[in-house]
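Observations on chain architecture
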Amino acid sequence: MNIPEDLKYTKTHEWVKIDGNKAKVGITDFAQHEITDIVHIEFPEIGKQVKKEQPVVVIESVKSAFDIYAPLSGKIININNDILESPEVVNRSPYGEGYLFTVEFYDEKEIESLLSADDYKKLI
Amino acid sequence: MEKLLNELSTECCPAYNLDSDIEIDVQVPENLKRNLSLGLPNVAESDLLRHFTNLSRKNYALSTTFYPLGSCTMKYNPLVNERIAKFDNFTKLHPYQDSKTIQGVLEIMYNLEKDLCEISGMDCFSLQQAAGAHGEFASLLIIAKYFKSIKQKRTKIIVPDSAHGTNPASAAFAGFDIVPLKSESDGSIVPEKLKEILTPETAAIMLTVPNTLGTFEKNILEISKIIHKNGSLLYYDGANLNAVMGMVRPGDMGFDIMHINLHKTFSTPHGGGGPGSGPVGVKAFLEPFLPVPKIESKGNEFILNYEKPESIGKLKAFVGNFPVILKAYVYIKSLGAKGLKNVSEQAVLNANYMLARLKDKIDVPAGCRCMHEFVLAPKALFKNAVRTLDVAKRLLDCGYYAPTVYFPLIVEEAIMIEPTETESKETLDTFVDALIKIILEEASLEPQKLKDAPISTAVGRLNEVEAARNPILKWK
C-alpha cells in the first residue's frame, strides 16, 4: 500500500499536502482500493466555507457512494475539474493527477490533529 | 438473448388485421396528422406468445428461486392477495369517483390504518405515500412542520452509520443537515456517544430496529429518554418491522413517528420501481400534520377530509396506491394477530438456523444470534484476489439469487442474508451448503471459477464500471 511520507492523513482516509496556508486534498491509495472503481464525483462550489470533518465531496463507485470529509476548516479555492470526465484517474493516481480539491485553511492548530504517514499506516 | 419484437418483425404474416375502414368522426388539423406508418412490429401471434413466455422464463423471481436478499426482504406474495386485488369491484373503479360511491374502498383503508395502529402502537396513519423512502420524506416534513408550529429552530437529524442509505437522503431532501453517528460492531448505539452529539438544534434521530446487522437495539428505552429529554423526536424506520410483529411495538418503545414498507412486512410485491406503499404512523400530537386527504368516519359514512390547516399537504395524486394497500389488508386479515406474530417468529428462527450453521466457519461481526437477518464478513477467508462480489456471482450459477453484498458499509466485504419466514429447512440447508462450498472450498481451490461466474445465466459477468461510466441507454 502506497503511503507517501511527506503527506498528512486523516482517520477518514484523506491525504493532505500543506503549502503555506493552502492544503491540497485527495483520498489515499487504501481508500481508492476500498472504494473500488470510481464512476462519479460530486464537488462543492469554489468559495464554499467548510468545517473540519464536514462532508464536502461525494465519490460514487460501482459499490456505493462515499462522503469525503474536509481535513481542515477553511475555504475551497480550487477543485480538480479534470477528473470529472475521467474519474478513473483517482483510482490510477490518487496522490497525483487524481487529487480532489485545495482548501485555504484558517487555523494552523488544526494541522496538529492530522496523522503522520506512520500513524496512518498503523490505522489501516 | 431473446430478440426484441422489432427484430422479430417481418413484412408478411401480420398477427392481427387492424380494420382500416373505421370512420373517425374527429377533425384533426392537417399538421397534426401522422404521415408515416405506425411502425408496429409484425409478428405471428404464436411467435408473439412465445416471445413473452420465453422472456418470463428468464425471470429470477420468488416463484422460481430462493431470494435471500438481506435488508430488502424478498417476501413470498400469497396468491390470495393477488386474486382479491384483481376483483372487478376494485379494478374497475376510477380515482375521480365521488367518495360516496367508493365507501367500501375507504372502509378498507380506514380499517387498515386502525390495524397498523394496533400492530405498531402509533395513534394515526396515513396511507398516501408511494413507497418507503416517500414515507421517510413525508415523516421528515412532518417533523419540520411540528417544530415550526412550536417555534423551535431545529435543523439537524442524527443518522447512525448503520442506517439505510435512504435515511440521510430523505432528511437532506427535506432540508435538514445530517449528523452521522458511529455505531458499534453490532450496529447498536451507545447512549453516551449519542449524548455527545445532541444539541438544541437536533430535530430527530432516525433508527432502524432491529438494525441492519440484524440485532435488536437493546438500549432503545434509554435512547428514547435521552432524545425526548432533549426535546427531539424519535423516528422509526419500519424496514425491519417484519422481525418484531406481535412482540414489541415501536409506539411502546417511545417512537413518535415511523414509516412501514408494506412489501417488507405485509407481503405486497416488491416492485422493481413499481407501485409501492409507505404508510406513515404518528403519535396523536403529530396527527394535525399528516398529509391530506385524511380518511375519516363521519356517522355512517367515510369521507376524505381536506380541511386540515396544519397538514404538510398532499404528496401524491389521489389517496395512495390502493391495490398495494388492499393486498396488505388481505394479508393482515388472512393471518390475524396470532399469524402475524408467527410470521416474525418464523423469520427470526430461519435466520438463526442459517447463522448457527455458518457462524463457526465464517466471521459474523454482530455475534452468533440475530433477528430476521444477519451479516457475514468472509474477508479473512479470501485469497487469490477473490472478493465478495465473486461469491455473489458464483451463487447465480448455483441457481440462487445473490444475497445483498457490500451493505451495511460498516462491514468490509459484507454478505447480508435474509431468508424470510416461508422457506423450508431443506431450502435453507441447500443454500448454506452452496455458500460454504463456494467460500471455503472453491474460493481457494478454484478461484477462476468464481472470477468467471456466472456462466449459466442469459448474460455473463457484466462490466459494471463501464456500464456506469459510459451507459448505453438506447436500443441500437
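Structure: above.
Since the model is a prediction, treat every value here as computed from it, not as a measurement.

Looking only at helices and strands, chain B has 16 helices and twelve strands in total. Against the 2.2 N^0.38 benchmark of 23 Å for 476 residues, chain B shows a C-alpha radius of gyration of 25 Å, consistent with a compact globule. Its C-alpha atoms give chain B principal-axis dimensions of about 75 × 70 × 45 Å. A fraction of 72% describes how many contacts in chain B between residues 6 or more apart in sequence connect residues 24 or more apart.

All right, on to the overall build of chain A then. Helix and strand content of chain A: four helices and nine strands. The order of helices and strands in chain A, counted from the N terminus, is β-β-β-α-β-β-β-β-β-α-α-β-α. At 13 Å, chain A has a C-alpha radius of gyration in line with the 14 Å of a compact globule built from 124 residues. In terms of overall dimensions, chain A has a C-alpha envelope of 35 × 35 × 20 Å along the principal axes. Going through the 124 residues of chain A one by one, you find that 36% of them count as buried. Relative to all contacts within chain A whose residues are 6 or more apart in sequence, the contacts with residues 24 or more apart total 64%.

A few words on the sheet that holds strand β7 (residues 65-69) of chain A. Residues and elements named next belong to chain A. Spatially, three strands are ordered β4-β6-β7 in an open sheet, and the strand pairing comes out antiparallel. Edge strands, defined here as strands with exactly one partner in the open sheet, are β4 (38-42) and β7. On average, each strand axis in the sheet is inclined to that of its neighbour by 25°, with strand direction left out of account. Pairing between β4 and strand β6 (residues 55-61): four bridges, direction antiparallel. Looking at the pairing, Ile-41 lines up with Ile-59 of β6.

Before going further, it helps to spend a moment on the interface of chain B and chain A. Put simply, an interface is often sized by how much accessible area is lost when its parts join up. Across the contact, six residues belong to chain B and five residues belong to chain A. Split into classes, the residues belonging to the side of chain B that touches chain A amount to four nonpolar, no polar and two charged.

To continue, consider the sheet that holds strand β10 (residues 374-376) of chain B. Residues and elements named next belong to chain B. Sheet architecture is open: three strands sit in the order β10-β12-β11, paired in antiparallel fashion. Because the sheet does not close on itself, it has two edges, and the strands there are β10 and β11 (404-405). In the sheet, β11 pairs with strand β12 (residues 415-417) via two bridges, with the strands oriented antiparallel. Residue pairing across strands places Val-405 opposite Ile-415, the latter belonging to β12.

As a further point, take unusual backbone geometry. Note the cis peptide between Val-209 of chain B and Pro-210 of chain B, where omega equals -10°. Relative to the elements of secondary structure, Pro-210 of chain B occurs in the loop between β4 (202-208) and α9 (220-229). Here Ala-453 of chain B and Pro-454 of chain B are connected by a cis peptide whose omega angle stands at 0°. Non-glycine residue His-13 of chain A carries a positive phi angle of around 75°. For His-13 of chain A, the location among the structural elements is in the loop between β1 (8-9) and β2 (14-19). A positive phi angle is found at Glu-53 of chain A, which is not glycine, with a value near 75°. Along the chain, Glu-53 of chain A falls in the loop between β5 (49-50) and β6.

A separate point is the packing of helix α5 (residues 103-120) of chain B against helix α12 (residues 322-358) of chain B. Residues and elements named next belong to chain B. Across the interface, α5 lies against α12 with an axial gap of 10 Å and an inter-helix angle of 45°. Taken together, the axes of α5 and α12 are oblique relative to one another. Handedness of the crossing formed by α5 with α12: left-handed. The segment α5 lies against α12, with Val-105, Ile-108, Met-109, Leu-112, Asp-115 and Ile-119 engaging Phe-322, Ile-325, Leu-326, Ala-328, Tyr-329, Ile-332 and Leu-340. Within the contact of α5 with α12, the residues separate by chemical class into twelve nonpolar, no polar and one charged.

Residue and element names in this part refer to chain A. Alignment of β1 against β2, held across two bridges, turns out to be antiparallel. By the bridge assignment for β2, Lys-8 is matched with Val-16. Hairpin remark: β1 followed by β2, antiparallel, with four residues in the connecting loop; positive phi at His-13, about 75°. Bridge count for β2 against strand β3 (residues 22-27) is six bridges, and the pairing is antiparallel. By the bridge assignment, Val-16 is partnered in β3 with Val-25. Two successive antiparallel strands, β2 and β3, enclose a turn made up of two residues, where Gly-20 displays a positive phi of approximately 65°.

All right, on to the nonpolar core then. By size, the foremost hydrophobic cluster in this structure holds 111 residues, and its most contacted members are Ile-142 and Tyr-235 of chain B. When residues of this core are assigned to their parent elements, the largest contribution, 16 residues, is made by α12 of chain B. Counting residues domain by domain, this core receives three or more from each of domain 2 (79-334) and domain 3 (342-460) of chain B. Setting aside residues no more than four positions away along its own chain, Ile-142 of chain B makes contact with Ile-257, Val-282, Leu-286, Phe-289, Leu-290 and Ile-312 of chain B. Counting 29 residues, the second largest nonpolar core, distinct from the first, contains Val-39, Val-56, Val-57 and Ala-70 of chain A.

This brings us to the pairing of strand β5 (residues 233-237) of chain B. Residue and element names in this part refer to chain B. Buried residues dominate β5, accounting for five of its five residues. Direction of pairing for β4 relative to β5: parallel, over a ladder of five bridges. Among the inter-strand pairings, Ile-205 is bridged to a residue of β5, identified as Leu-234. Chirality of the crossover, the property in question, places the unit of β4, α9 and β5 among those that are right-handed.

What counts, and at which threshold
- Residues numbered from 1 in each chain as written.
- Chains lettered and ligands numbered in written order.
- Predicted model: local features only at pLDDT ≥ 70, side-chain atom pairs only at ≥ 80, totals over all residues.
- Helix = DSSP H or I, 4+ residues; strand = E, 2+ residues; numbered from the N terminus.
- Rg over C-alpha atoms; globule rule 2.2 N^0.38 Å.
- Contact = placed C-beta atoms within 7 Å.
- Buried ≥ 20, exposed ≤ 12 C-beta atoms within 10 Å, placed from the backbone.
- Pairing = 2+ DSSP bridges.
- Axes fitted to C-alpha atoms, helices over the stretch in contact; angles between N-to-C directions.
- Nonpolar A, V, L, I, M, F, W, Y, C, P; charged D, E, K, R; others polar.
- Parallel < 35°, antiparallel > 145°, perpendicular 65-115°, else oblique.
- Left-handed = near helix turned anticlockwise from the far one by under 90°.
- Core = buried A, V, L, I, M, F, W, Y, C linked by C-beta atoms within 7 Å.
- Domains from an automatic or database assignment.
- Right-handed = clockwise from strand over helix to strand, strands pointing away.

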